[in-house]
Amino acid sequence: MGKSKVNSLGLSREEYKGRPSTLCPGCGHDSISNQIISTTYEMGIEQHKILKMSGIGCSSKTPAYFLGRSHGFNALHGRMPSVVTGALMGNPSMKCIAVSGDGDSGSIGMGQFKHAIRRNIPFVYIIENNGVYGLTKGQFSATSDEGQELKYYGRNELPAIDLALEAIIAGATFVARSFSGDSKQVQSLLQAALRHQGTAVIDIISPCVSFNNDPKSNKSYDYGKAHQISLHDIQVVAQGYVEGKDEIVVAPEAFADGSIVNVEMHDGTTLRLKHLDRNHDPRNRSMAISVLEQSQREQLFITGLIYYEEPRPTLAQLGDVYDGALGTLPEHRVRPSQQTLNDVMAKFK
Amino acid sequence: MVLEAVPQPAIQPNATNGKIVNDFAFMVATKNGSGSQTSNNVLVKSLFNMGIPVNGKNLFPSNIKGLPTWYTIRVSKDGYTGRRATTEIAVVYNQDSAAEDIANLPVGGVCIIPADWKWGHSREDIIWYEVPVKEIMKKIDVSSDLSKRVENMTYVGVVAQLFNIPLDEIWKALLENFNGKEKPAKLNFEAVKLAYEFAQQNLVKQDNFWFEYDNQTTGKIMITGNEAGALGSIFGGVNVVAWYPITPSTSLVDGIFDYQHLRKDPETGKMTMVIVQAEDELSAIGMLVGAGFSGARAMTATSGPGISLMAEFTGLAYYAEIPCVIWDVTRMGPSTGLPTRTSQGDILFTHVLGHGDTRQICLLPANPEEAFEFGWRAFDIADMGQLPVFVMSDLDLGMNNWMSEPFKYPDEPIQRGKVLDAEQLAEFIKEHGKWGRYLDVDGDGITYRTLPGTDHPQSAYFARGTGHNEMAGYSERSDDWLKNMARLHKKLQTVRGFLPAPIKDYDASKKVAIISFGTNEPAIQEARDMLKKQGIETNYLRVRALPLCQDVTDFINSHDRIYIPENNYDGQLYQIICLDHPQDLTHLKSLPLGDGLPMTAQWLFDKIMAVEKK
Ligand SMILES: Cc1ncc(C[n+]2csc(CCOP(=O)(O)OP(=O)(O)O)c2C)c(N)n1
Ligand code: SF4
Ligand SMILES: [Mg+2]
């Protein structure tokens, strides 16, 4: 026993797990859950400070399978963003990891997706994107690619909605795309997203082994492995990091030569981006948009931190809201006095 | 008014000298958006300040500018505040509706009309007073954009002079209206004065209507139900307000905006509440559910179309047991319906809102005092019962000015219900061996919850709308499902005990009774007096919450005949009573109205007489 590895809180990775998964064996969503477990474990995150939120779908079931000591809410199809907004208004001191699907965010929940971003609600918004409705057994979703074929539903003739692009247009300040098969990239993006003080959208292509894993489908494992173009390797360098002394998650040897972009985050963290493809600078909005448009046009599977911007104030900051659980404040801090009521009444006499 | 055509009885004097004192109604017809609201408010407030029981009801169109709008003001020395079927005096300031407005006056009625129209005396059996509006306005130095608004002050001056409202009362009310700002008050007062002087010099009083000082409003306030609900919420400790604008609920949230400064934390200076304008009602209610989950007090205000959109979420809140408060300031449906007309037509739908077996808690306020009280109490009920609470107001209460006693300060401390912090959770586990979110250890159906952020390794749970067992684990087992439903049923029984009890006026000797709810109250009280004069004595029960309680059952079982008047077309309270009482209820008579207007005593009297006279 005594030998097992523990994190800075003295907890083992095991203690960051949730209930056993009930998804299909091999489902991409499960590997994302694993990356969430690893990342929060490595970062030594206190689980009681995390909220796990989701909508409805196979993807949205997953919060039950990680962070068993965090409160969670499996809400309604497409409506997770509003529940997150309310929960973080009710207690702005919480951190939130939310999971959605491409149907959940790209169809029924498109409105809430964009409006939560617009309000800059500070949470990690993970879309487990398999280009299909998993839980209702394999219908097309709005992110299904044009020309994609499915067993019962034939060929999709409609253009796909790119949720990363939608996020940027809605005003997101942190937008990434990844692949559930690339655990290292998913982990480093999650690390960065958890430090972001705004909505951090990560659109993760996550194959559905039951309904959309034909090698021809560009949401399949085979396709992803063969075609992923990573814009960069990401090293998350926390403030005060001393090279050689502190451990960092992404092994430094991954970074050989090559140009580097250092993205300074709001909390003092630096994102060191190396091995740049297309000279991508995520701080450049038009570059981010054109990379996504190009990938859509040419059907390229480009991953990495697509866009980053110094975050705007969050909704709670704009409202100058008390930074804690509002519902636990004692009476004298939330109920005005008898005298105040008398004064108000006098105005109506 | 063009809104209804009621037979108008002849006018009866109420004083020996032939005078009719403080017992009549008048109506002001203008165009929407012309700024007549200030004039009407000033008239109502002047009368209120004179000590006369008064009420003003705005019957306005769903339009920003141009369509006809009516404002009815009733004074009643007997203190009746219901809308009156007969309006003896008409201020006819809108040419588009003038013909019908004049036709609707009773014989001996009064028409005040701009002289500029050269309308002529289209009826011989009413009294005409013509006001040279243009000529008066020429004497005032006012910019053209303000002129149209100020024009409405001319009828205030004429009404004041003809029916005896002292000018200093008008001045006082004007100052109040403009929050003490002298400049706009003076400008408007000039028009009032000029019109008053014109009337003094040129109009010969031919009618018998008089206002006289009284002392029946001392200590009272004048307020809308929406302002009352807003204040109730503020004093109830609301933390998160999420909303999407819709008539007639908007001014409730506006009221919260007006008073949110009262909710600065005295210790940190930070806000202890926040208002979020959502992108739609789906999102608004979603925010409430999230906030309620994190332990905050959350509310929204909406109307029928918004309630329709909230169905799925309120079902989730009911089943996942999340507290939140939803105000439905009801307007006339179905569909977009009559967006600016009052209705009580949402109670049946709201009471069972959500698919599957749901019974939602509804509070039914009848006046501003109750709107205030239910405003704060709804949060306590929601937190204690861990469920959504609907406050079913309506346009009449929400948007019209009502006389009221000043509000009573909450007589109980804030009730947060069964919430365990880390220490209490440890105690709980010590005592019971384990804690489960839906584990009923008290046997009252209400279980203990923990809030996100609780620093205890066993505090977490996963809330969901899917089937779950006592430990909040996912379950599709029939026995788990049924056990949970049975507990929810038991919980509802417990929650009945938290709800405002019905108000009863009961005397065992009387065998005829009325059951109703909400804003029908003034019409019912007046109709009961009218019936009494005809020898028909009635008992009365006013339901103040759903689900119904034993009191209602007992009341139903102790009468021969019970009338259930309500302001919807289908008789929804009647249906709810039938739903809850499988026995023979043939002695219940549904009296549904649902014409978009506040109920009148005359209507109810006629309906009941039609049966009782037989
Ligand atoms: C209001 C509503 N409509 C429809 C459904 C049925 N439904 C459940 S999951 C789902 C689609 C899920 O697709 P996605 O979000 O892509 O998640 P995945 O299962 O693919 O991970 C649908 C349509 C529902 N739960 N609620
Ligand atoms: S159906 Fe698809 S998305 Fe759902 S669990 Fe199975 S593999 Fe995953
Ligand atoms: Mg999907």
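Residues numbered from 1 in each chain as written. Chains lettered and ligands numbered in written order. Predicted model: local features only at pLDDT ≥ 70, side-chain atom pairs only at ≥ 80, totals over all residues. Heavy atoms only, no water.

### A look at the overall build of chain B
Inference 1: Tallying secondary structure elements over chain B gives 21 helices and 26 strands in all.
Inference 2: Relative to a compact globule of 614 residues, whose C-alpha radius of gyration would be 25 Å, chain B shows 27 Å and is just as compact.
Inference 3: Principal axes of the C-alpha set define a box for chain B whose edges measure 90 × 65 × 40 Å.
Inference 4: A total of 614 residues make up chain B; the buried ones form 62% of that total.
Inference 5: Within chain B, residue pairs in contact and separated by at least 24 positions form 75% of the contacts whose partners lie at least 6 positions apart.
Inference 6: Both charge centroids of chain B, one from 58 positive and one from 75 negative side chains, sit 1 Å from each other. (Helix = DSSP H or I, 4+ residues; strand = E, 2+ residues; numbered from the N terminus. Rg over C-alpha atoms; globule rule 2.2 N^0.38 Å. Buried < 20%, exposed > 50% of the residue type's maximum accessible area, 1.4 Å probe, protein only. Contact = heavy atoms within 4.5 Å. Lys, Arg positive; Asp, Glu negative; His and termini not counted. Charge placed at Lys NZ, Arg CZ, Asp CG, Glu CD.)

### Points about the site of ligand 2
Inference 1: Taken together, L23, C24, C27, H29, C58, N130, C208, V209, S210 and F211 of chain A make up the full set of residues near ligand 2.
Inference 2: Among the residues making up the shell around ligand 2, the classes are represented as seven nonpolar, three polar and no charged. (Near = heavy atom within 4 Å. Nonpolar A, V, L, I, M, F, W, Y, C, P; charged D, E, K, R; others polar.)

### Topic: the packing of helix α1 (residues 36–49) of chain B against helix α5 (residues 153–163) of chain B
Residues and elements named next belong to chain B.
Inference 1: Relative to each other, α1 and α5 sit at 25°, their axes nearing to 9 Å. One way to sum up the angle between α1 and α5 is to call them roughly parallel. With respect to the hand of their crossing, α1 and α5 are arranged in right-handed fashion. Facing S36, T38, S39, N40, V42 and L43 of α1, the residues of α5 in contact are M153, Y155, V156 and V159.
Inference 2: When grouped by side-chain class, the residues that make up the contact of α1 with α5 number six nonpolar, four polar and no charged. (Axes fitted to C-alpha atoms, helices over the stretch in contact; angles between N-to-C directions. Parallel < 35°, antiparallel > 145°, perpendicular 65-115°, else oblique. Left-handed = near helix turned anticlockwise from the far one by under 90°.)

### Here we look at the site of ligand 1
Inference 1: Taken together, 18 residues lie around ligand 1, and S59, D102, G103, D104 and G134 of chain A are the ones closest in.
Inference 2: Each of chains A and B places residues next to ligand 1.
Inference 3: C58 of chain A has a polar backbone atom sitting 2.8 Å from an oxygen atom of ligand 1.
Inference 4: Measuring from an oxygen atom of ligand 1, one finds a side-chain N or O atom of S59 of chain A at 2.7 Å.
Inference 5: Protein contact buries 77% of the 580 Å² of open area that ligand 1 shows by itself. (Polar contact = N/O pair within 3.5 Å; in protein donor to acceptor, adjacent residues only side chain to side chain. Areas by Shrake-Rupley, 256 points an atom, 1.4 Å probe, with all protein chains shown as cover.)

### So, the interface of chain B and chain A
Inference 1: Facing 73 residues of chain B, the contacting portion of chain A comprises 53 residues.
Inference 2: In this assembly, chain B packs against chain A so that about 5,300 Å² is buried in total across both faces, 64% of it on carbon and sulfur atoms.
Inference 3: Its largest share of buried area at the contact with chain A, chain B owes to E279, Y409 and F462 of chain B, together 13% of the area lost on that side.
Inference 4: Residue K270 of chain B pairs with D320 of chain A through a salt bridge whose shortest N-O separation is 2.8 Å.
Inference 5: Counting across the chain B and chain A interface gives 25 residue pairs in polar contact (both at pLDDT 80 or more). (Buried area = accessible area lost by both parts, 1.4 Å probe. Salt bridge = Lys/Arg side-chain N within 4 Å of Asp/Glu carboxyl O.)

### Topic: the packing of helix α3 (residues 80–90) of chain A against helix α5 (residues 110–118) of chain A
All names here are of chain A.
Inference 1: With their axes 8 Å apart at the nearest point, α3 and α5 run at an angle of 35° to one another. For the pair α3 and α5, contact is made by M80, P81, S82 and T85 and by Q112, F113 and A116, respectively.
Inference 2: Taken together, the residues that form the contact of α3 with α5 break down as four nonpolar, three polar and no charged.

### Focus on the coordination of the magnesium ion (ligand 3)
Residues and elements named next belong to chain A.
Inference 1: Those protein atoms acting as donors to the magnesium ion (ligand 3) are D102 (OD), N130 (OD1) and V132 (O), and they sit at 2.1 to 2.2 Å.
Inference 2: Written as a sequence motif, the donor residues of the magnesium ion (ligand 3) are D-x27-N-x1-V.
Inference 3: For V132, a relative accessible area of 1% corresponds to the buried category. (Donors = N, O, S within 2.8 Å, 3.2 Å for Na, K, Ca; no water.)

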